[in-house]
Amino acid sequence: MKAWLLNDFGLDNLVLGEAPTPQPKAGELLVKVGAVSLNYRDKAIVDGIYEPHLVPKPLIPVSDAAGTVVAIGDGVTRFKAGDRVNSHLYSRWLDGAPGPDESLYSFGSPLPGGLAEYMIIHEQSAVRAPDAMSDEEAATLPIAALTAWYSLVDFGQLQPGQSVLVQGTGGVSIFTIQIAAALGARVIATSSRDDNLEAVKKLGASDVVNYRVTPQWEQEVLRLTGGKGVDLLLDVAGGNGVNQSIAATKAGGRIAQIGFLTGQETQLNLMPLIFRQTTLRGIAVAPRSSFDRMNVFLNDKKIRPVIDHVYTFEEAREAYQHLARGPFGKVVIKVS
Ligand SMILES: NC(=O)c1ccc[n+]([C@@H]2O[C@H](COP(=O)([O-])OP(=O)(O)OC[C@H]3O[C@@H](n4cnc5c(N)ncnc54)[C@H](OP(=O)(O)O)[C@@H]3O)[C@@H](O)[C@H]2O)c1
């Protein structure tokens, strides 16, 4: 089959080549990939800054895929040929609390990903792709939408009328705005660009802050919330900005620590964390059961993914470059 292969770290080492077409073993599905979407994780893997010790070489990259089952292994009962499915990043995390080594069984490193004509997904980890969505749309869900959903609902317990702050306008954040608005929450969004801030208002953000123009954005969030801070904050920026997130969150509030766009390390000032009694929780996507519940919600609320651009299979490297520039929503690659 045709496959993109990462032979070594660096985008120049991502090349279009050939790989053996995998055969499904007992319990597995062979999926003809329709589309994949890129996440920051995929770029970080290529750059060699995301668990580099786990990356096999060569690697078929990209975790998030949607496609059609074309063959099944012995004993498969949940799916049949012709069904449309999504991959689920942590292929062994099905429900409840995570195990200690979920990242060892994640697609797009170390397991082969979806940037190829075919991929193997175990029937237990596959998720039925929403009927209302094309493969290009469904491919955006496994990490970006699910991380937003899990942070808002499973961790955040967000209630109508509560407030949530979302940083930037990338894949996770746009889904966060759409889902939080559909849950009846007040959404405060930040971005470095005024045109993006205008666009997120149309998706349901009620208040916006330009974090370049207002580097002390937490002060503006406090002003907008009457000095209280938001109920829930989804932090994708990481770095030392986590201290600002704590300041922008209400006493007793919750922060979902999702990302590390500005750095994987932080100098955390413990005293505000202690005095404000903030819950700071690391998030690593979600179990499959949460994905199943999310798809019902997306269908009911008629939420459609915001796709910045769809690239052809041959244009995969351009898609990575687009992600590096900062997309509005999702960057997708059509595979077949
Ligand atoms: N833990 C998990 O389960 C999980 C899941 C998904 C993603 N993540 C992580 O979350 C982060 C975001 O992922 P993504 O896929 O959504 O990224 P993405 O699609 O590449 O989004 C990047 C966007 O983030 C915004 N941004 C950049 N620097 C910022 C800053 N200092 N403050 C606020 N916003 C900033 C920019 O928006 P503007 O152009 O509007 O400023 C940029 O367009 C990454 O670190 C990723 O690895 C973690």
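Residues numbered from 1 in each chain as written. Predicted model: local features only at pLDDT ≥ 70, side-chain atom pairs only at ≥ 80, totals over all residues. Heavy atoms only, no water.

## Topic: the domain arrangement of the protein
A common way to report how large an interface is uses the accessible area buried once the components associate.
Thinking step 1. Assigned domains within the protein: domain 1 (2-140 + 305-334) and domain 2 (145-282).
Thinking step 2. The gap between the C-alpha centroids of domain 1 and domain 2 is 28 Å.
Thinking step 3. With 12 residues of domain 1 in contact, the opposing surface of domain 2 contributes 16 residues.
Thinking step 4. Area buried by domain 1 at its contact with domain 2 is led by Tyr40, Val306 and Phe328, which between them contribute 45% of it.
Thinking step 5. Applying the counting rule to domain 1 against domain 2 returns 2 residue pairs in polar contact (both at pLDDT 80 or more). (Domains from an automatic or database assignment. Contact = heavy atoms within 4.5 Å. Buried area = accessible area lost by both parts, 1.4 Å probe. Polar contact = N/O pair within 3.5 Å; in protein donor to acceptor, adjacent residues only side chain to side chain.)

## Focus: the site of the ligand
Thinking step 1. Close to the ligand lie 26 residues, the nearest being Thr169, Ser191, Tyr211, Ile283 and Val285.
Thinking step 2. A distance of 2.5 Å separates an oxygen atom of the ligand from a polar atom in the side chain of Ser191.
Thinking step 3. Interatomic distance of 2.6 Å between a backbone N/O atom of Ile283 and a nitrogen atom of the ligand.
Thinking step 4. Protein coverage of the free-state accessible area of the ligand, which is 930 Å², stands at 87%.
Thinking step 5. Here the shell around the ligand is built from residues that sort into 14 nonpolar, 12 polar and no charged.
Thinking step 6. Both domains that furnish three or more residues to the shell around the ligand are identified here as domain 1 (2-140 + 305-334) and domain 2 (145-282). (Near = heavy atom within 4 Å. Areas by Shrake-Rupley, 256 points an atom, 1.4 Å probe, with all protein chains shown as cover. Nonpolar A, V, L, I, M, F, W, Y, C, P; charged D, E, K, R; others polar.)

## Section: the sheet that holds strand β13 (residues 279-282)
Thinking step 1. Read from one edge to the other, the open sheet built from 6 strands follows the order β10-β9-β8-β11-β12-β13, with strand pairing classed as parallel. The sheet is open, and its two edges are formed by β10 (207-210) and β13, each paired on a single side. The average angle at which neighbouring strand axes cross in this sheet is 15 degrees, direction not considered.
Thinking step 2. Strand direction decides the pairing type here: strand β9 (residues 186-191) and β10, joined by 4 bridges, are parallel. The residue of β10 that forms the bridge with Thr190 is Val209.
Thinking step 3. Sheet strands in contact with helix α3 (residues 141-155) are β8 (163-167), β11 (230-235), β12 (249-257) and β13, and its direction is about 150 degrees off that of β11. (Pairing = 2+ DSSP bridges. Helix = DSSP H or I, 4+ residues; strand = E, 2+ residues; numbered from the N terminus. Axes fitted to C-alpha atoms, helices over the stretch in contact; angles between N-to-C directions.)

## Considering the pairing of β11
In summary, the side chains of a regular strand alternate between the two faces of the sheet.
Thinking step 1. Burial runs high along β11: 6 of the 6 residues are buried.
Thinking step 2. Direction of pairing for β8 relative to β11: parallel, over a ladder of 3 bridges. The residue of β11 that forms the bridge with Val166 is Leu234.
Thinking step 3. Alignment of β11 against β12, held across 5 bridges, turns out to be parallel. (Buried < 20%, exposed > 50% of the residue type's maximum accessible area, 1.4 Å probe, protein only.)

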